[in-house]
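# What the coordinates show
The chain contents come next:
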Amino acid sequence: MAQRVDHGVASGTFSLDGQTFDVDNNIWVVGDDEECVVIDAPHSVPAILEVVAGRRVTAIVLTHAHDDHVRVAPELAEATGAPLYLHPADEPLWKLVHPERPMPAPLHDSQQIGELTVLHTPGHSPGAVCLYAPDLGCVFTGDTLFHGGPGATGRSFSDHDTIVKSIRERLFTLPTATVVHTGHGNDTLIAAERIP
Ligand SMILES: [Zn+2]
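Anyway, here's the lowdown on the structure attached to this text. (Residues numbered from 1 in each chain as written. Predicted model: local features only at pLDDT ≥ 70, side-chain atom pairs only at ≥ 80, totals over all residues. Heavy atoms only, no water.)

## What about the coordination of the zinc ion?
- Coordination of the zinc ion by the protein is provided by His-64 (NE2), His-66 (ND1), His-124 (NE2) and Asp-143 (OD), with metal-donor distances spanning 2.1 to 2.3 Å.
- If you list the donors of the zinc ion from N- to C-terminus, the spacing comes out as H-x1-H-x57-H-x18-D. In this pair, His-66 is assigned in the loop between β4 (56-61) and α2 (67-70) and Asp-143 in the loop between β10 (138-142) and β11 (145-146), connecting sequence segments 77 residues apart. Of the two residues, His-66 and Asp-143, neither departs from the other in class, the shared state being buried. (Donors = N, O, S within 2.8 Å, 3.2 Å for Na, K, Ca; no water. Helix = DSSP H or I, 4+ residues; strand = E, 2+ residues; numbered from the N terminus. Buried < 20%, exposed > 50% of the residue type's maximum accessible area, 1.4 Å probe, protein only.)

Here it is in structure tokens:
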């Protein structure tokens, strides 16, 4: 059945290193009329379920373990019965948010989840991933690449040189017409962000 991307926004906070910020997170859902994959679990289970719109959720894929992306992940997994996935390198961040919860199932580079191919793109966090959907002509970049440039690397567990390398090697090598669906804010295109 034809695959499509559905979108919503959830508002809440992001906390790390003793600071807290108000943030709006994008909710991305990829699937057909029957079933879908949810990307990230920001702030509000009802807001995410509104985008799911009654479909069966086959997986919840977390782009990284900052609290604004995973805060309601356990509740969303319980509400949908779907498994959670996270790259194991983000375990220290997961433990900050959910110390009592087991790590989600491990993601690895090149793994296929439905329409999505996992690209391990460390830098914003050690286990940050992007999810490439070649048949849909888009990539979900979490906080690795935004409209206007790379994600933040000023806080713990981030590294600027590593994010630049990830973006150059794994994202700027995608077709230039690929639509970039980001973790916060507007879409962009690989062509628009690519540094010559
Ligand atoms: Zn983040």
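There is more to say, and it comes next.
## Quick word on the pairing of strand β3 (residues 35-39)
- Counting buried residues along β3, four of its five residues qualify, which places the element largely inside the surrounding structure.
- Across four bridges, strand β2 (residues 19-31) lies against β3 in antiparallel orientation. Across the sheet, Val-29 pairs through a bridge with Val-38, a residue of β3.
- Between the antiparallel neighbours β2 and β3 lie three residues. (Pairing = 2+ DSSP bridges.)

## Side note on the packing of helix α1 (residues 45-52) against helix α3 (residues 73-80)
- At a closest axis distance of 10 Å, the pairing of α1 and α3 adopts a crossing angle of 45 degrees. In terms of orientation, α1 lies oblique with respect to α3. The two elements α1 and α3 cross, and the hand of that crossing is right-handed. Contact with α1, carried on its side by Val-45, Ile-48 and Leu-49, involves Glu-75, Leu-76, Ala-79 and Thr-80 of α3 and no other residues of that element.
- A class-by-class count of the residues in the contact of α1 with α3 yields five nonpolar, one polar and one charged. (Axes fitted to C-alpha atoms, helices over the stretch in contact; angles between N-to-C directions. Parallel < 35°, antiparallel > 145°, perpendicular 65-115°, else oblique. Left-handed = near helix turned anticlockwise from the far one by under 90°. Contact = heavy atoms within 4.5 Å. Nonpolar A, V, L, I, M, F, W, Y, C, P; charged D, E, K, R; others polar.)

## Notes on the side chain of His-64
- With respect to the helices, strands and loops of the structure, His-64 is situated in the loop between β4 and α2.
- Residue classification places His-64 among the buried positions, given a relative accessible area of 1%.
- A polar side-chain atom of His-64 sits 3.4 Å from a polar atom in the side chain of His-124.
- Here His-64 is in contact with Asp-40, His-69, Val-70, Leu-86, Asp-90, His-124, Ser-125, Ala-128 and Asp-143, once residues within four sequence places are set aside. (Polar contact = N/O pair within 3.5 Å; in protein donor to acceptor, adjacent residues only side chain to side chain.)

## Some details on the pattern of salt bridges
- Applying the stated criterion to the full structure yields eight salt bridges.
- As a salt-bridge pair, Asp-6 and Arg-55 come within 3.1 Å of each other at their nearest N and O atoms. Taken together, the residues span a long stretch of sequence, with Asp-6 in strand β1 (residues 4-16) and Arg-55 in the loop between α1 and β4 at a distance of 49 residues.
- Note on Arg-55: relative accessible area 8%, which makes it buried. (Salt bridge = Lys/Arg side-chain N within 4 Å of Asp/Glu carboxyl O.)

## Brief notes about the sheet that holds strand β5 (residues 84-86)
- In space, the six strands of this open sheet follow the order β1-β2-β3-β4-β5-β6, with mixed pairing throughout. Since the sheet does not close on itself, it has two edges, and those belong to β1 and β6 (105-106), each with one partner.
- Each of β1, β2, β3 and β4 touches α1; the most contacted strand, β2, lies at about 20 degrees to it.
- Strands in contact with α3 are β3, β4 and β5; relative to β4, the strand with the most contacts, it is inclined by about 160 degrees.

## As for the side chain of Asp-90
- Relative to the assigned elements, Asp-90 resides in the loop between β5 and α4 (91-97).
- For the buried residue Asp-90, which engages in no salt bridge, the nearest side chain bearing the opposite charge is Arg-155, 13 Å off.
- A distance of 2.9 Å separates a polar atom in the side chain of Asp-90 from a polar atom in the side chain of Ser-125.
- The residues contacting Asp-90, other than those within four sequence positions of it, are His-64, Ala-65, Ser-125, Pro-126, Gly-127 and Ala-128. (Lys, Arg positive; Asp, Glu negative; His and termini not counted.)

## Re empty space enclosed by the protein
- Under the counting rule described, the total for this entry stands at one cavity of 30 Å³ or more.
- What lines the largest cavity is Asn-26, Trp-28, Ile-39, Asp-40, Thr-63, Phe-140, Gly-142, His-181, Thr-182 and Gly-183.
- Elements represented by at least two residues in the lining of the largest cavity include exactly β2, β10 and β13 (179-182).
- Partitioning the lining of the largest cavity into residue classes produces three nonpolar, six polar and one charged. (1 Å grid on protein atoms, 1.4 Å probe; cavity = no way out; pocket = protein on both sides within 12 Å on 5 of 7 lines; lining within 4 Å. Points joined across faces, edges and corners; volume = space filled by probe spheres on them.)

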